[in-house]
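# Commentary on secondary and tertiary structure
Take a look at the letters that make up each chain.
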Amino acid sequence: MPGNDSGGVRSVQRAVDLLALYDADHPSRTVRELTDATGLAKSTVVRLVHTLEQSGLLWSRGDGRTVPGPSLLRWADLARFTWQLPEAALVRMKELSEASGGEAVHLYVRQQRARICIARHEGTRTLRHVVRVGEEMPLWSGAASHILLSRAERPDIDAIAAQAPHPDWAETLWERSRRAAVQGWSASHGEREAGVSGVAAPVFDRDGHLVAAIALGGPTTRFTDEAVATFAAALVATARDLTALDCIGDPTR
């Protein structure tokens, strides 16, 4: 019995991993592409694709390529209903971008060992930090991650830091997340990618639980100490407004 449960979980995870290979850059895939990307046997991929097609989660175009299926439209609508911010929150994100001189604004929530962008304001800078809504980012790096981990326990931090390509990153991540908890905001420079910086602040729900991180991101050359101090003050004010709206992941708002 336990073996069957384990096999079932493994199959579900493989199916999810297969769906994750479809994105804006790869809206369609062949079985060969899926096989190469996953490293699974062709027979396994064919079986997974067939199962997903039966559920409407994948769709065969008839030219040897598959695309996301129509059943995902219902889930997309449900996700949009759950996570779409009210207009007042979007206005505050726009105002934050304007106050920063046009930097990009992103709102992140934690999902296991990653952070997911649930909303953004693109900003007006020609050179800007771009993260698509729904995109998954590593939780071991960046100011938003420091914020999302600011209430995490040490074993949790250690497990996340183990994913980083840097040696002894656990101590660094622990120190930065603790500092974020104390000062109420955080900044990062080049943790994941050289030349990219960010500043973030925490958003809470009505019960005081940490639910999201609001962040400004852009090239390090624009994130001087003086700019970071200005950004932090604006971010904290915006985070307080979003906290007051209590709208993160609440479809009943």
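Residues numbered from 1 in each chain as written. Predicted model: local features only at pLDDT ≥ 70, side-chain atom pairs only at ≥ 80, totals over all residues. Heavy atoms only, no water.

A separate point is the sheet that holds strand β1 (residues 29-30). If you walk across this open sheet you meet the 3 strands as β1-β3-β2, and the pairing is antiparallel. On the outer flanks of this sheet lie β1 and β2 (58-60), each paired with one strand and no other. Note that β1 and strand β3 (residues 65-68) share 2 bridges and pair antiparallel. In the sheet register, Arg 29 faces β3, and the bridge partner there is Thr 66. (Pairing = 2+ DSSP bridges. Helix = DSSP H or I, 4+ residues; strand = E, 2+ residues; numbered from the N terminus.)

Within the structure shown, the criterion is met by 16 salt bridges. As a salt-bridge pair, Glu 33 and Arg 65 come within 3.1 Å of each other at their nearest N and O atoms. Here Glu 33, found in helix α2 (residues 31-38), pairs with Arg 65, found in strand β3; they are 32 residues apart in sequence, far enough to count as distant. The exposure class assigned to Glu 33 is partly exposed, which follows from its relative accessible area of 27%. Between Glu 103 and Arg 222 there is a salt bridge, and its shortest N-O distance comes to 2.7 Å. (Salt bridge = Lys/Arg side-chain N within 4 Å of Asp/Glu carboxyl O. Buried < 20%, exposed > 50% of the residue type's maximum accessible area, 1.4 Å probe, protein only.)

Attention now moves to the sheet that holds strand β6 (residues 136-138). Taking strand neighbours across the sheet as the criterion, the 6 strands line up as β6-β5-β4-β9-β8-β7 in an open arrangement whose pairing is antiparallel. For this open sheet the edge positions go to β6 and β7 (186-189), each flanked by a neighbour on one side alone. The average angle at which neighbouring strand axes cross in this sheet is 35°, direction not considered. Pairing analysis gives 5 bridges linking strand β4 (residues 104-111) to strand β9 (residues 210-219), with the strands arranged antiparallel. Bridging from a neighbouring strand, Ala 104 pairs with Gly 217 of β9. (Axes fitted to C-alpha atoms, helices over the stretch in contact; angles between N-to-C directions.)

This next bit is on the environment of Ser 186. Here Ser 186 shows up in strand β7. Distance from Ser 186 to Ile 157, taken between C-alpha atoms, is 16 Å for residues 29 residues apart in sequence. Excluding anything up to four places from it in sequence, Ser 186 contacts Ala 143, His 146, Ile 147, Arg 176, Ala 180, Gly 198, Val 199 and Ala 200. (Contact = heavy atoms within 4.5 Å.)

Below, the discussion takes up the environment of Ala 99. Inspection of the secondary structure puts Ala 99 in helix α5 (residues 87-99). Between the C-alpha atom of Ala 99 and that of Ala 234, which follows or precedes it by 135 residues, the distance is 7.3 Å.

Attention now moves to helix α7 (residues 154-161). Given 3.6 residues to a turn, an α-helix orients residues that are three or four positions apart in the same direction. All of the buried residues along α7 are Ile 157, Ile 160 and Ala 161. Take α7 and look down its axis: the buried residues cluster within an arc of 95°, on one side only. (Arc of directions from axis to C-beta.)

With that settled, the discussion passes to the side chain of Asp 246. Mapped onto the elements of the fold, Asp 246 is located in the segment after α9 (225-245). In contact with Asp 246, not counting residues within four places along its chain, are Asp 205 and Arg 206.

Okay, the nonpolar core next. Grouped together as the largest cluster of nonpolar side chains are 27 residues, with contacts concentrated most on Leu 85, Leu 107, Val 203, Ile 214 and Ile 248. Among the secondary structure elements, those contributing two or more residues to this core are α5, β4, β5 (114-121), β8 (196-204), β9 and α9. Not counting residues up to four positions away in its chain, the partners in contact with Ile 214 are Met 93, Leu 96, Val 105, His 106, Leu 107, Val 199, Ala 200, Ala 201, Val 203, Leu 235, Ala 239 and Leu 242. Leu 139, Ile 157, Ile 160 and Ala 180 belong to the second-largest nonpolar core, a separate cluster that totals 23 residues. (Core = buried A, V, L, I, M, F, W, Y, C linked by side-chain atoms within 4.5 Å.)

Most of β8 is tucked away, with 7 of its 9 residues classed as buried. As defined by bridge partners, β7 adjoins β8 across 4 bridges and the pair is classed as antiparallel. Bridged to Ser 186 within β8 is Ala 200. The antiparallel pairing of β7 with β8 creates a hairpin that spans 6 residues between the two strands, and Gly 190 there sits at a positive phi of about 65°. Direction of pairing for β8 relative to β9: antiparallel, over a ladder of 9 bridges. Paired with Val 203 across the strands is Ala 212, a residue of β9. Between β8 and β9, which pair antiparallel one after the other, the connecting turn spans 5 residues, and Gly 208 there sits at a positive phi close to 85°.

Looking now at the confidence of the model for the protein. Of the residues in the protein, 95% have a pLDDT of 70 or more, and the chain-wide mean is 90. Mean pLDDT across the elements of the protein bottoms out in helix α1 (residues 2-19) (75) and peaks in helix α6 (residues 143-148) (96). (pLDDT = per-residue confidence, 0-100.)

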